[in-house]
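# Summary of structural features
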Amino acid sequence: MSISLRPARVADIPHLAHALMEASGGLVEAVYERAIPDRETHLIVEHLFSRPDGTTAIKHCLVAEDDGNVLGSIHAFPMDDMGDGPPDLLVSEDRYGLFEPFMKMHADGSYYIMAVSVYPDAQGHGTGSRLIAEVEDAARAKGFKQMSLNVFAENEGAVRLYRSLGYVECAREPAVPHDKIRYGGDVLLMVRDL
Ligand SMILES: CC(C)(COP(=O)(O)OP(=O)(O)OC[C@H]1O[C@@H](n2cnc3c(N)ncnc32)[C@H](O)[C@@H]1OP(=O)(O)O)[C@@H](O)C(=O)NCCC(=O)NCCS
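In short, a report on the structure. Residue positions are given per chain, counting from 1 as you read along its sequence in written order. pLDDT decides what is reported in this predicted model: residues at 70 or higher carry local features, side-chain atom pairs at 80 or more are listed and counted, and totals for whole chains, interfaces and linings draw on all residues regardless.

Moving on to the overall build of the protein chain. Numbering goes from the N terminus for both helices and strands, where a helix is a DSSP run of H or I of at least four residues and a strand is a run of E of at least two. Across its full length, the protein chain holds six helices and seven strands. The order of α-helices and β-strands along the protein chain, N terminus first, is β-α-α-α-β-β-α-β-α-β-α-β-β. Taking 194 residues into account, the globule formula puts the C-alpha radius of gyration at 16 Å, and the protein chain, at 16 Å, falls close to it. Here the C-alpha coordinates of the protein chain stretch approximately 40 × 35 × 30 Å along the principal axes. Counts of 20 or more other C-beta atoms within 10 Å of a residue's own C-beta define buried residues, counts of 12 or fewer define exposed ones, and intermediate counts define partly exposed ones; C-beta atoms are placed from the backbone. For the protein chain, with 194 residues in total, the buried portion stands at 34%. This radius of gyration counts C-alpha atoms alone. The globule rule is 2.2 Å times how many residues there are, raised to the power 0.38.

Below is the structure:
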């Protein structure tokens, strides 16, 4: 496999939406399902990436590919940008509670990895690690001193990968249970100094 990384493009939006849904362990489905009646959730999530600014702007995403085939992607931005954008009209007030554990844990001033995801067939070949390393280099170059991310403690493979890359747990909050969310237990905040 010959992996190359590049900035995401408009044509990658279905991959970016898929990645966000996978990496969130079903949380994004829980938040956006039926936000527009009769519209499939992944199409609603794709809308998020067509905004020029805000945390879901394409400029915050990188794609890994092999011979033109997308293997996976990463989505990361300054943590302090979170909450800066306009209110999301697609999220009804009764669903805000699903974000609660995430809202309670912030590593202020850090560069935040919102989602990293690699298609199952391509996993285990270093693509996820390469994507994370690229974002860390970019964050370092911009003067950031710390990376941060949230992960469900039950997502053991991802937690093991982050630990092996130097991320340490610094806070945890109970996940909000929902039938679309694949993990119970706690949500972790993990950080790594750059
Ligand atoms: C987490 C995720 C992004 C990791 O992507 P990946 O491309 O498989 O990551 P890597 O290949 O860099 O590392 C994964 C494993 O492969 C191993 N590996 C790394 N390079 C390798 C290589 N060249 N050859 C074989 N194995 C390799 C790593 O040591 C690691 O092993 P471990 O699971 O025993 O710790 C991927 O599993 C995924 O998309 N999961 C679903 C979405 C998700 O949960 N995202 C995280 C949400 S917080």
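Our focus in this paragraph is the environment of Leu165. Counting through the fold element by element, Leu165 comes out in the loop between helix H6 (156-164) and strand E6 (168-174). Contact definition: two residues whose C-beta atoms, as placed from backbone geometry, lie within 7 Å. Residues contacting Leu165, with those up to four places away along its chain left out, are Ser129, Ile132 and Arg192.

Moving on, we come to the site of the ligand. Each residue gets a C-beta atom placed from its backbone. If that atom is within 6 Å of a molecule or strand, the residue is near it. Close to the ligand lie 19 residues, the nearest being Val118, Gln123, Gly126, Gly128 and Ser129. The set of elements that each furnish at least two residues to the shell around the ligand consists of helix H1 (13-23), strand E4 (111-118), helix H5 (127-141) and H6. Residue contributions to the shell around the ligand peak at five residues, all from H6. Classification used: nonpolar for Ala, Val, Leu, Ile, Met, Phe, Trp, Tyr, Cys and Pro, charged for Asp, Glu, Lys and Arg, polar for all others including Gly. For the shell around the ligand, the residue count by class is six nonpolar, 11 polar and two charged.

Core analysis: the biggest nonpolar cluster contains 47 residues, and Leu20, Ile74, Ala76, Tyr112, Ile113, Val135 and Leu149 have the highest contact counts within it. The dominant element in this core, judged by the number of residues it contributes, is E4, at seven residues. Not counting residues within four places of it along the chain, the set of residues in contact with Tyr112 comprises Ala76, Phe77, Met79, Met82, Ser148 and Leu149. Any set of buried Ala, Val, Leu, Ile, Met, Phe, Trp, Tyr and Cys residues joined through C-beta atoms within 7 Å is what this text calls a nonpolar core.

Here, axes are lines fitted to C-alpha atoms. For helices the fit covers the stretch in contact, and angles between N-to-C directions go from 0 to 180 degrees. Put simply, H1 and helix H3 (residues 41-48) touch, their axes get as near as 9 Å, and they point 110° apart. Classified by the angle between their axes, H1 and H3 sit roughly perpendicular to one another. Residue-level contacts link Ile13, Pro14, Ala17, His18, Leu20 and Met21 of H1 to His42, Val45 and Glu46 of H3. Considered class by class, the residues forming the contact of H1 with H3 number six nonpolar, two polar and one charged. What sets the label is the angle itself: under 35 degrees gives roughly parallel, over 145 gives roughly antiparallel, 65 to 115 gives roughly perpendicular, and the rest give oblique.

Note on pairing: two strands pair once DSSP finds at least 2 bridges between them. With mixed pairing, seven strands are arranged side by side in an open sheet as E1-E2-E3-E4-E5-E7-E6. The sheet is open, and its two edges are formed by strand E1 (4-7) and E6, each paired on a single side. Between one strand axis and the next, the sheet turns through 25° on average, direction left out of account. Relative to E4, strand E3 (residues 69-78) runs antiparallel, the two sharing seven bridges. In the strand pairing of E4, Ala76 is matched with Ile113.

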